[in-house]
Amino acid sequence: MEIILLKSHKHYGTLLLALVLAVIVVTLLKGPKPVFQRIVAVLVDINLLVGLAVAWNSAKSFSLLHPLLALGAVGLLHASAKSDNAKKVITCFSIALILLIAAWAVHASWGPDFLKNVWLVNFHSQSAPAAPVAQ
């Protein structure tokens, strides 16, 4: 199950980068389309939830920087999802795209070293509570 979730998160995330870019291009060419913008924002939410499920079920460590960057992107996407202001949509979606690429870079083989091994956590590495000491 872990591998299916991980691959889904990875490939779905790549598709979402293209969709965020598509919102930017559509807004530049035809103006804001709030329905499309809202759909893309919700699809990114879904991938964030899938990513949290991956983190919860995985025995591997991951950087907290990855979900924090994704959360920043989600915030920007939702801040402009209903907007008819082209400048706001282009600005927010462009910054969100950069944040999503940076989130991807945290765990990608091509990512810069300064992003790797930052705030590593593992939900399964918590040690069991210590046994009570006999007196």
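Check the entry above for the structure.
Draft legend 1. Molecular detail of the packing of helix α2 (residues 34-57) against helix α3 (residues 65-80). Interhelical geometry of α2 versus α3 gives an angle of 160 degrees and a closest axis separation of 9 Å. As summarised for this structure, α2 and α3 are arranged roughly antiparallel, according to the angle between their axes. Once α2 is placed against α3, the crossing between them reads as left-handed. Taken together, the residues of α3 that come into contact with α2 (itself represented by Q37, A41, V42, V44, D45 and L48) are A70, L71, V74, L77, H78 and S80. Across the contact of α2 with α3, the residue classes tally to eight nonpolar, three polar and one charged.

Draft legend 2. Molecular detail of the nonpolar core. Counting residues in each nonpolar core, the largest one holds 19 residues, and the members touching the most others are V20, V40, V44, L77 and F93. Broken down by secondary-structure element, the contributors of at least two residues to this core are α1 (2-30), α2, α3 and α4 (86-107). Aside from chain neighbours lying at most four places away, what touches L77 is A41, V44, F93 and A96. Counting residues in each nonpolar core, the second largest holds six residues, with L65, L69, A103 and A105 among its members.

What counts as what
Residues numbered from 1 in each chain as written. Predicted model: local features only at pLDDT ≥ 70, side-chain atom pairs only at ≥ 80, totals over all residues. Heavy atoms only, no water. Axes fitted to C-alpha atoms, helices over the stretch in contact; angles between N-to-C directions. Helix = DSSP H or I, 4+ residues; strand = E, 2+ residues; numbered from the N terminus. Parallel < 35°, antiparallel > 145°, perpendicular 65-115°, else oblique. Left-handed = near helix turned anticlockwise from the far one by under 90°. Contact = heavy atoms within 4.5 Å. Nonpolar A, V, L, I, M, F, W, Y, C, P; charged D, E, K, R; others polar. Core = buried A, V, L, I, M, F, W, Y, C linked by side-chain atoms within 4.5 Å. Buried < 20%, exposed > 50% of the residue type's maximum accessible area, 1.4 Å probe, protein only.

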